[in-house]
Amino acid sequence: MNNFMFVCCLILCGVGMMSFFASTGCSPKMDPMAKEQPYEHVADFLELPNATCTVTETTASISNAEHTFVFNRNQSTVLVNQTLYYLHHPIVNDTIDTRDLELLRDAIVRPFEQKHRLMVMLDAGHGGKDPGCQKETLQEKKIALEVVLEIKRLLEKKGHVIFLTRDGDSYLTLNERCEKAAEKPVDAFVSVHVNASPNATAEGVEVFVVPDKEALSLNGTSLPEGPSISQYYLKTSTRLAFAVQQQLLALKEKPKDRGVRHAYFRVIRDTPAPAILAEIGFITNDKERAQLATPLYRQSIAKAIADGIENALVVNFEAEAATTDSKTQTKGTTK
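In this text, all values refer to a predicted model and were calculated from it rather than measured experimentally.

**Some words on helix α3 (residues 98–109)**
Phase 1: Burial runs high along α3: ten of the twelve residues are buried.
Phase 2: Among all positions in α3, only T98, D100, L101, L103, L104, R105, D106, A107, I108 and V109 are buried.

**So, the confidence of the model for the protein**
Phase 1: On average, the protein scores 86 in pLDDT, and the residues at 70 or more come to 80%.
Phase 2: This model gives residues 4–28 a pLDDT under 50, and the stretch forms twelve contacts once residues within four places in sequence are excluded.
Phase 3: Note that residues 320–335 has pLDDT below 50 and, in this model, two contacts with residues that lie over four places away or in other chains.

**Things to note about the packing of aromatic side chains**
Phase 1: Per the counting criterion, the structure on display carries four aromatic pairs.
Phase 2: Both rings, one in Y39 and one in F71, keep their centres 6.4 Å apart while their planes meet at 40°; by these two values the pair is tilted. In this pair, Y39 sits in helix α2 (residues 39–46) while F71 sits in strand β4 (residues 68–72), placing the two residues 32 residues apart along the sequence. The burial state of Y39 is the same as that of F71; both residues are buried.
Phase 3: Among the aromatic side chains, those forming a connected cluster through ring pairs are Y39, F69 and F71.
Phase 4: The lysine or arginine in question, K129, covers the ring of Y171, its NZ or CZ lying 4.6 Å from the ring centre.

**Concerning the pairing of strand β8 (residues 119–124)**
Phase 1: Of all six residues in β8, five are buried, a share of seventy percent or more.
Phase 2: When β8 meets strand β11 (residues 161–164), the two strands line up parallel, connected through four bridges. Within the sheet, the bridge partner assigned to V120 lies in β11 and is I162.
Phase 3: As defined by bridge partners, β8 adjoins strand β12 (residues 188–195) across five bridges and the pair is classed as parallel. Bridging from a neighbouring strand, D123 pairs with S191 of β12.

**Some remarks on the layout of surface pockets**
Phase 1: Estimates place the volume of the largest pocket at around 300 Å³.
Phase 2: Among the residues making up the lining of the largest pocket, the classes are represented as seven nonpolar, two polar and six charged.

**Observations regarding unusual backbone geometry**
Phase 1: With phi around 70°, Q82 is a residue other than glycine that occupies positive phi space.
Phase 2: If you trace the backbone, Q82 turns up in the loop between β5 (77–80) and β6 (83–86).
Phase 3: Exposure remark for Q82: the relative accessible area of 71% places this residue in the exposed category.
Phase 4: For D94, which is not a glycine, the phi torsion comes out positive at approximately 60°.
Phase 5: Note that D94 resides in the loop between β6 and β7 (95–97).
Phase 6: Judged by relative accessible area, which is 18%, D94 ranks as buried.

Calculation criteria
Residue numbers run consecutively from 1 along every chain, following the written order of its sequence. Totals for whole chains, interfaces and linings use all residues, but because this is a predicted model, local features are given only for residues with pLDDT of at least 70 and pairs of side-chain atoms are given and counted only at 80 or more. The basis for the side-chain values is all heavy atoms of the structure; hydrogens and waters are excluded. To sort residues, take the accessible area from a 1.4 Å probe on protein chains only and compare it with the maximum for the residue type: under 20% means buried, over 50% means exposed, and anything in between is partly exposed. The secondary structure listing takes helices from DSSP runs of H or I that are at least 4 residues long and strands from runs of E that are at least 2 residues long, numbered from the N terminus. For every residue, the predictor reports its confidence as pLDDT, a number between 0 and 100. We call two residues in contact when some of their heavy atoms are within 4.5 Å. Stacked, tilted and edge-to-face are the three classes assigned to paired rings of Phe, Tyr and Trp, where Trp is represented by its six-membered ring and a pair needs centres within 6.5 Å; plane angles under 30 degrees give stacked, over 60 edge-to-face, the rest tilted. A positively charged side chain is recorded as over a ring if its NZ (Lys) or CZ (Arg) lies within 6 Å of the ring centre. The angle to the ring normal must also be within 35 degrees. Any two strands with at least two DSSP-identified bridges between them are counted as paired. Here a cavity denotes a set of grid points, spaced 1 Å apart and computed over the protein atoms alone, in which a 1.4 Å probe fits but from which it cannot get out, and a pocket denotes an open set meeting protein on both sides within 12 Å along at least five of seven lines; residues with an atom within 4 Å of a point are reported as lining. Grid points are joined across faces, edges and corners, and a volume is the space filled by probe spheres set on the points. Only Asp, Glu, Lys and Arg are considered charged in this grouping, and only Ala, Val, Leu, Ile, Met, Phe, Trp, Tyr, Cys and Pro are considered nonpolar; every other residue, Gly among them, is considered polar.

What follows is the structure, given as C-alpha cells:
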C-alpha cells in the first residue's frame, strides 16, 4: 500500500469512528477550548456522567439520572429539566456556544454554595402615580405589592431577613429602586410584575435575568451604555430564575411556560446582587386576569416565588439532617 492510500484509509476510518461514537452515545475527547461544542460533546462539557445523547430531526437530548437538556436544533431554546430556557447565542450548524454551556453547567449541574439564612430585597413593580398595566378594576401595582408582601411574610417566617423597595402605594423611579438594592448586602433581588399584551391570547409566566455581556438575545431591550453590574452575579441569577420558574410552573393552574429569558431591564441590570424579574401572568388574558383577581391565587404565586428563592439559595435542612444522621450512624457501627 502506498502512502497516499494509507492516509485515505486513516481518514475513512476516522469518519467511521466519529459516526459510531455519535450513534452509541459515546464521544471522542472534546476540545474544552473550542468556542462551540457539537451535541456529542455536550454531556462531557456539562459534566454529566453516564449521560446518553439522542438526536432527532428537531431536537438533541442529553440526559442522565439527575438532569435532562433538550436542545432545539439550530434554534435558541433548550428545555432544562423540563423548563424552557433561552440561550444567549443561537445554535448554528448543530454546535452550541460554550459560554451558554458553561453558564448552564455552573448554575444547574455543579454543586452550589448555599446559605442557612438569606437577606433578600423584594421589589413590587410600579406604584403611586404609575399603576403599571391595568384592565378593568385590576392594576399591576396593587397585585405586585400584595404578592411581595406575602413573599416577605413567608420568608420571614423561615427566619430570613427581607427588605422592600416599597411597602405601600408609593412611586419610585428605577434609579431609586436600584439605589435601595445597593443599600444592603443582599443575597438576591426579586422584582415582581404583571404582564400585558395587545394579543389577548398571550399567557403564561416568565422570569428574566440580564444577558451575558456578549449575548445576541436581548429580548428587545437595548445594550446599556456601560457594563451591567448584575452580570457579575449571572450564575446565581440564572440558578435563582430557574428555581422560581419551576415553582411557578408547578402551580395547580399549570401556567404556560414562557421561559427563563434575558433582558436589560433597569432594575435587574444595575442591581449589585443576583437579580431576577418575574412576570406572573397576563392581565390582558381573560383566564389569567380572573386568576390574578383572587387572593388565593396571589398567595399561591407568592408561595411559589418564596419556595423558588429557598430552593435556589438555601441549604436543604432535611437533606443536611439526613446526611448528619447517616454519618453518626456510620461512626457508631465502626466502634
